[in-house]
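Spelled out from the first residue to the last, the chains are:
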Amino acid sequence: MDATIGQNGLKLMVGDITLQKTDVIVNAANGTLLGGGGVDGAIHKAAGEEILDACKRVREEELSGRQLPTGEAVITKGYNLPASYVIHTVGPVWEGGTANEPTLLASCYENAMQMALKHQLTSIAFPSISTGVYSFPVEFAADIALTTLVSFLKEHPFGQVMITLFSEADYDVYKTSLEKIMEEK
Ligand code: ADP
């Protein structure tokens, strides 16, 4: 599904984010930035070992050794990936909805877009942050992701935003949500 928001495109597709040829792809990382399972593991594997070294440098130099807080974003190069850059963000773990999870998830999308804009990147691909191991309900996550991205794109000339879903079922959830948001617009 394709939507147009101002001068910008917002596209939903089913696919593997590590194959996307956008300027930047977003990683649903964990606070350690040292890699993990799911999309994080796939991105580290496809990018090669240099991305792990880059993440370790970010931990030391930008975060003073601390973990990346939930909702925040950092950037590295993409190394062996088709994408030139990777923005690493940490989604919230779903704890039933009482631990500020919706606001933190919105921050992931907002901060990733701000980071891409700051680096003059004009195309970005997101995975469905937090809806894997972190168990955020996908219908709710889709509404938050798409509402945040649509309002960002209304306010900023950017380029192309893609959400790369890993299953047809997730794609259908995001499509239903985007259709609803575009009707209300
Ligand atoms: P989180 O810990 O934020 O929940 P996960 O990696 O467990 O992150 O899952 C986030 C989403 O990414 C899930 O929908 C999962 O199916 C999906 N995913 C896993 N591998 C890939 C991939 N290579 N490309 C795109 N999406 C992926």
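Keep in mind it's a predicted model, so treat the numbers as computed, not measured.

Here the focus is the overall build of the protein chain. Along the backbone of the protein chain there are five helices and seven strands. Helices (α) and strands (β) of the protein chain occur, in sequence order from the N terminus, as β-β-β-α-α-β-β-α-β-α-β-α. On C-alpha atoms alone, the protein chain measures out to a radius of gyration of 15 Å, which is about the 16 Å that the 2.2 N^0.38 rule sets for 185 residues. With respect to the three principal axes, the spread of C-alpha positions in the protein chain is 45 × 35 × 30 Å. Looking at the protein chain residue by residue over its 185 residues, the buried ones come to 48%. Taking the intrachain contacts of the protein chain between residues at least 6 apart in sequence as the baseline, contacts between residues at least 24 apart amount to 70%. Here the protein chain has roughly 8700 Å² of accessible surface; of this, 50% comes from carbon and sulfur atoms.

Glancing now at helix α4 (residues 138–155). Compared with the 26 Å implied by 1.5 Å per residue over 18 residues, the 26 Å span of α4 between its first and last C-alpha is a close match. Every buried residue belonging to α4 is among Val 138, Ala 141, Ala 142, Ile 144, Ala 145, Leu 146, Thr 148, Leu 149, Val 150, Phe 152 and Leu 153, and all of these are buried. Looking at the buried side of α4, the elements it contacts are β1 (2–5), β2 (8–14), α3 (101–118), β6 (123–126), β7 (160–165) and α5 (168–184).

What the seven strands build is an open sheet, ordered β1-β2-β7-β6-β3-β5-β4; its pairing is mixed. Looking at strand neighbours, the two that pair on one side only are β1 and β4 (73–77), the edges of this open sheet. Sheet twist, expressed as the average angle between the axes of neighbouring strands with direction ignored, equals 25 degrees. Packing of α3 onto the sheet brings it into contact with β3 (24–29), β4, β5 (85–90), β6 and β7, and relative to β6 it is tilted by some 155 degrees. Relative to β2, α5 is tilted by about 150 degrees, and along the sheet it contacts β1, β2 and β7.

Residues in close proximity to the ligand total 16 residues, the closest being Asp 16, Val 39, Ser 130, Gly 132 and Val 133. Within the backbone of Ser 130, a nitrogen or oxygen atom sits 2.9 Å from an oxygen atom of the ligand. Contact with the protein chains hides 89% of the accessible area of the ligand, taken as 560 Å² for the molecule alone. Judged by its atoms lying within 2 Å of the grid points, the ligand is housed in the largest pocket. Class assignment of the residues belonging to the shell around the ligand gives a composition of seven nonpolar, seven polar and two charged.

Attention now goes to the pairing of β7. The buried fraction of β7 amounts to five of the six residues, a majority that puts the element mostly inside the structure. The pairing of β2 with β7 spans six bridges and is classified as parallel. Looking across to β7, one finds that Met 13 is bridged to Thr 164. The sheet contact formed by β6 and β7 spans four bridges and is parallel. By the bridge assignment, Phe 126 is partnered in β7 with Ile 163.

A few words now on the pattern of salt bridges. Across all of its chains, the model carries three salt bridges by this definition. With a closest N to O distance of 3.8 Å, Asp 2 and Lys 11 form a salt bridge. The salt bridge partner of Lys 175 is Glu 179, with a shortest N-O separation of 3.1 Å. In this pair, Lys 175 and Glu 179 both sit in helix α5, four residues apart, roughly one turn of the helix.

Here we take up the nonpolar core. Ranked by size, the top nonpolar core spans 40 residues in total, and within it Leu 10, Ile 87, Ile 124, Phe 126 and Tyr 174 carry the most contacts. Broken down by element, the residue count for this core peaks at 10 residues, all from α4. If we skip the residues at most four places from it in the chain, Phe 126 touches Ile 17, Val 26, Tyr 109, Ala 112, Met 113, Leu 149, Val 161, Met 162, Ile 163 and Thr 164.

What counts and how
- Residues numbered from 1 in each chain as written.
- Predicted model: local features only at pLDDT ≥ 70, side-chain atom pairs only at ≥ 80, totals over all residues.
- Heavy atoms only, no water.
- Helix = DSSP H or I, 4+ residues; strand = E, 2+ residues; numbered from the N terminus.
- Rg over C-alpha atoms; globule rule 2.2 N^0.38 Å.
- Buried < 20%, exposed > 50% of the residue type's maximum accessible area, 1.4 Å probe, protein only.
- Contact = heavy atoms within 4.5 Å.
- Areas by Shrake-Rupley, 256 points an atom, 1.4 Å probe, with all protein chains shown as cover.
- Expected span 1.5 Å × (residues − 1).
- Pairing = 2+ DSSP bridges.
- Axes fitted to C-alpha atoms, helices over the stretch in contact; angles between N-to-C directions.
- Near = heavy atom within 4 Å.
- Polar contact = N/O pair within 3.5 Å; in protein donor to acceptor, adjacent residues only side chain to side chain.
- 1 Å grid on protein atoms, 1.4 Å probe; cavity = no way out; pocket = protein on both sides within 12 Å on 5 of 7 lines; lining within 4 Å.
- Sits in = over half its atoms within 2 Å of the grid points.
- Nonpolar A, V, L, I, M, F, W, Y, C, P; charged D, E, K, R; others polar.
- Salt bridge = Lys/Arg side-chain N within 4 Å of Asp/Glu carboxyl O.
- Core = buried A, V, L, I, M, F, W, Y, C linked by side-chain atoms within 4.5 Å.

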